[in-house]
Amino acid sequence: LVLLSPLGRWLFDSLRGADNIAGILQNVYKNTERVDSNLVQPISQAAEDAGAFEAFVTILTGSPGVRPEKVLPSVDIPVLILWGEEDNI
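What this report covers is the structure whose coordinates are included nearby.

Thresholds applied
Residues numbered from 1 in each chain as written. Predicted model: local features only at pLDDT ≥ 70, side-chain atom pairs only at ≥ 80, totals over all residues. Heavy atoms only, no water. Helix = DSSP H or I, 4+ residues; strand = E, 2+ residues; numbered from the N terminus. Rg over C-alpha atoms; globule rule 2.2 N^0.38 Å. Buried < 20%, exposed > 50% of the residue type's maximum accessible area, 1.4 Å probe, protein only. Contact = heavy atoms within 4.5 Å. Lys, Arg positive; Asp, Glu negative; His and termini not counted. Charge placed at Lys NZ, Arg CZ, Asp CG, Glu CD. Salt bridge = Lys/Arg side-chain N within 4 Å of Asp/Glu carboxyl O. Phe/Tyr/Trp six-rings, centres within 6.5 Å; stacked < 30°, edge-to-face > 60°. Core = buried A, V, L, I, M, F, W, Y, C linked by side-chain atoms within 4.5 Å.

This paragraph deals with the overall build of the protein chain. Each helix and strand in the protein chain was counted, giving five helices and zero strands. Counting helices and strands in the order they occur from the N terminus, the protein chain gives α-α-α-α-α. Against the compact-globule benchmark of 12 Å for 89 residues, the protein chain has a radius of gyration of 17 Å, which places it well outside the compact range. Considering only C-alpha atoms, the protein chain reaches an extent of 45 × 35 × 20 Å along its principal axes. Taking all 89 residues of the protein chain together, the buried fraction comes to 17%. Sequence-distant contacts in the protein chain: of pairs separated by 6 or more residues, those separated by 24 or more amount to 51%. Taken as two groups, the 6 positive and 12 negative side-chain charges of the protein chain have centres that lie 5 Å from each other.

This part takes up the pattern of salt bridges. Taken as a whole, this structure holds four salt bridges when the rule is applied. A salt bridge links Asp 13 to Arg 16; the shortest N-O distance between them is 3.0 Å. Residue Asp 13 is classed as partly exposed on the basis of its relative accessible area, which comes to 34%. Judged by relative accessible area, which is 19%, Arg 16 ranks as buried. Arg 67 is the partner of Glu 69 in a salt bridge, and the nearest nitrogen-oxygen pair spans 2.7 Å. Of the residues examined, Glu 69 reaches a relative accessible area of 48% and is grouped as partly exposed. According to the relative accessible area criterion, Arg 67 is exposed, its value standing at 54%. Three or more residues joined by partner-sharing salt bridges are found here, namely Arg 9, Asp 13, Arg 16 and Glu 48.

With that settled, consider the packing of aromatic side chains. Taken as a whole, this structure holds two aromatic pairs when the rule is applied. Note on Phe 12 and Phe 56: the rings are 5.1 Å apart at their centroids and 50 degrees apart in plane angle, and the pair reads as tilted. Taken as a pair, Phe 12 in helix α1 (residues 6–15) and Phe 56 in helix α4 (residues 52–61) lie far apart in primary sequence, 44 residues in all. Grouping residues by exposure puts Phe 12 and Phe 56 together as buried.

What follows is about the nonpolar core. Most often, soluble globular proteins keep nonpolar side chains buried together rather than apart. By size, the foremost hydrophobic cluster in this structure holds six residues: Phe 12, Ala 47, Ala 52, Phe 53, Phe 56 and Val 57. Tallying contributions element by element places α4 first for this core, with four residues. Ile 21, Ala 22, Val 35 and Val 40 belong to the second largest nonpolar core, which has five residues in total.

Right under this line is the structure:
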């Protein structure tokens, strides 16, 4: 409910700038040199689109979905899952 208030809109507006997006991505990417304008610009442009605020609220308040460990037993084809030792997520 807070996200739908003016405070939520302020939070979205303060996060959607290119500098903030770059900072967030640098915390996710191990190789921060990969965080460049080619990565940041499309994300910051999408944050200006109609419906971007509503998508932001849905992402933060919506259901996270089914956990992978619940789904994997029903997968009946080979799956390669890679996870690096230094992955931040």
